[in-house]
Amino acid sequence: MESAEYHHHLALLEWQIELGVVESIGDTPVNRYDVPAVVDKPKAPQATPPVAGVVAPVAFDAVAEAERAAAGAATLEDLRAAMAAFEHCDLKKGARNLVFSDGIPGAPVMLIGEAPGRDEDRAGKPFVGRAGQLLDKMLAAIDMGRTRSDAPVYITNVLPWRPPQNRDPKPDEINMMKPFLLRHIALAKPQVLVIVGNWSCQALLGKRGITRLRGEWTQAAGLPALPMFHPAYLLRSPEFKREAWTDLLALRARLSGG
């Protein structure tokens, strides 16, 4: 005959099943609120002892590698070859061409843009699209041009490869390619620099804000430098062409000794 204790435990079990209990965790209840008298401290991970004869890997420094490659270039052609051989900038993987320069090396004015666009990537030359056509008109207005032997200019960009979908350059891309840009300036030997656009100012002046910086002569790479609006910006905001014309007159006056 079943005892009263049996029926009591059976009733408890049925009540737990009714509440939704589906499995038993253990025979002995555990008080989760008990604090043990001694708490074991987690042990610090043990450093793996060095293996004799094995040298630990050194983190690769792409900027340092760019500095070495740029410093080894004795001519502009050497520099172009060094940039073409540089494999550590991911932009190169998605670009068609290295966009190195255009114009006449040794010209008194060196214009430095931001990065190639689609047209520049296809042609392998800077400023050949709509913005480049406007730039040529702006230079012609002060009797200068990239093919004029009497008043030439020399043109390059901060980045030699087109960013995907023409996005803005990233700070790490600028830092990586800056040694090549500085060597480019040193080898081209211009008298003055024209820094075209916000990201060129970031690369050479360490700051942005072209509406504030434009029109004021400063120093970059040891040379007199004039920040100016990018022609692409002027195509979007033609109301600023008056300020751009003022900057072009300041450039011409500087070159003529005024």
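Since the structure is predicted, the reported quantities are computational estimates derived from the model, not experimental observations.

On the basis of which strands lie adjacent, the open sheet formed by six strands has the order β1-β3-β2-β4-β6-β5 and mixed pairing. The open sheet has two free edges, formed respectively by β1 (102–103) and β5 (218–220), since each of these has just one partner strand. Bridge count between strand β2 (residues 109–113) and strand β4 (residues 192–196): four bridges; the pairing is parallel. Residue pairing across strands places Ile112 opposite Ile195, the latter belonging to β4. Its contacts with the sheet put helix α11 (residues 241–255) on β2, β4 and β6 (223–228), and the angle it makes with β6 is roughly 165 degrees.

Below, the discussion takes up the side chain of Ser101. Along the polypeptide, Ser101 turns up in the loop between α4 (91–94) and β1. The exposure class assigned to Ser101 is buried, which follows from its relative accessible area of 13%. Setting aside its immediate chain neighbours within four residues, Ser101 contacts Lys125, Pro126, Tyr154, Ile155 and His184.

Looking now at the layout of surface pockets. Its volume calculated, the largest pocket comes out at about 730 Å³. Lining the largest pocket are 27 residues, and of these Ala115, Asn166, His230, Ala232 and Arg236 lie nearest its centre. Elements with a minimum of two residues in the lining of the largest pocket: α5 (118–123), α6 (130–140), α8 (198–205) and α10 (231–236). A total of four residues in the lining of the largest pocket trace back to one element, the largest contributor, which is α10. Classifying every residue of the lining of the largest pocket gives 12 nonpolar, seven polar and eight charged.

Turning our eyes to something else, we now look at α6. Residues Ala131, Gly132, Leu134, Leu135, Met138 and Leu139 constitute the buried set of α6. Summarising the axial view, the buried residues of α6 lie within an arc of 160 degrees, below the 170-degree limit, and thus occupy one face. Along α6, exposed side chains directed more than 90 degrees from the buried face belong to Arg130 and Lys137. Where α6 is buried, its residues contact β2, β3 (153–157), β6, α10 and α11.

Applying the stated criterion across every chain, the model contains two cavities of 30 Å³ or more. Space inside the largest cavity adds up to approximately 60 Å³. Contributing to the lining of the largest cavity are Met83, Val99, Phe100, Thr156, Asn157, Val158, Leu159, Pro160, Met177, Phe180, Leu181 and His184. Every element with two or more residues in the lining of the largest cavity is listed here: β3 and α7 (171–188). No other element matches α7, which puts four residues into the lining of the largest cavity. Partitioning the lining of the largest cavity into residue classes produces nine nonpolar, three polar and no charged. Quantified by volume, the second largest cavity comes out at close to 50 Å³. At the level of elements, α6, β4 and α11 are the ones that each hand at least two residues to the lining of the second largest cavity. Split into classes, the residues belonging to the lining of the second largest cavity amount to 11 nonpolar, no polar and no charged.

This brings us to the packing of helix α3 (residues 76–85) against α7. Running from amino to carboxyl end, α3 crosses α7 at an angle of 165 degrees, the nearest separation of the two axes being 10 Å. Relative to α7, α3 is oriented roughly antiparallel. Relative to α7, α3 is oriented so that their crossing is left-handed. The residues of α7 that touch α3, namely those facing Leu76, Leu79, Ala82 and Met83, are Phe180, Arg183, His184, Leu187 and Ala188. Of the residues belonging to the contact of α3 with α7, the class tally is seven nonpolar, one polar and one charged.

Let us look at the side chain of Asn157. Checked against the element boundaries, Asn157 lands in strand β3. Under the relative-accessibility criterion, Asn157 is labelled buried at 7%. Engagement of the side chain of Asn157 in a polar contact is seen with the backbone nitrogen of Glu114, the distance being 3.3 Å. If we skip the residues at most four places from it in the chain, Asn157 touches Val99, Ile112, Gly113, Glu114, Ala115, Pro116, Pro126, Phe127 and Leu181.

Let's shift gears to the pattern of salt bridges. Using the criterion set out here, one finds eight salt bridges in the structure. Ionic pairing is found between Glu87 and Lys92, a salt bridge with its closest N-O pair at 2.8 Å. By relative accessible area, which is 22% here, Lys92 ends up partly exposed. Of the charged contacts in the structure, one is a salt bridge between Arg167 and Glu173, with a shortest N-O distance of 2.6 Å. Owing to a relative accessible area of 7%, Glu173 belongs among the buried residues under this scheme. In the salt-bridge network here, residues are joined through shared partners; they are Asp102, Asp136 and Arg146.

What counts and how
Residues numbered from 1 in each chain as written. Predicted model: local features only at pLDDT ≥ 70, side-chain atom pairs only at ≥ 80, totals over all residues. Heavy atoms only, no water. Pairing = 2+ DSSP bridges. Helix = DSSP H or I, 4+ residues; strand = E, 2+ residues; numbered from the N terminus. Contact = heavy atoms within 4.5 Å. Axes fitted to C-alpha atoms, helices over the stretch in contact; angles between N-to-C directions. Buried < 20%, exposed > 50% of the residue type's maximum accessible area, 1.4 Å probe, protein only. 1 Å grid on protein atoms, 1.4 Å probe; cavity = no way out; pocket = protein on both sides within 12 Å on 5 of 7 lines; lining within 4 Å. Points joined across faces, edges and corners; volume = space filled by probe spheres on them. Nonpolar A, V, L, I, M, F, W, Y, C, P; charged D, E, K, R; others polar. Arc of directions from axis to C-beta. Parallel < 35°, antiparallel > 145°, perpendicular 65-115°, else oblique. Left-handed = near helix turned anticlockwise from the far one by under 90°. Polar contact = N/O pair within 3.5 Å; in protein donor to acceptor, adjacent residues only side chain to side chain. Salt bridge = Lys/Arg side-chain N within 4 Å of Asp/Glu carboxyl O.

By themselves, these are just geometric observations and shouldn't be taken as functional.
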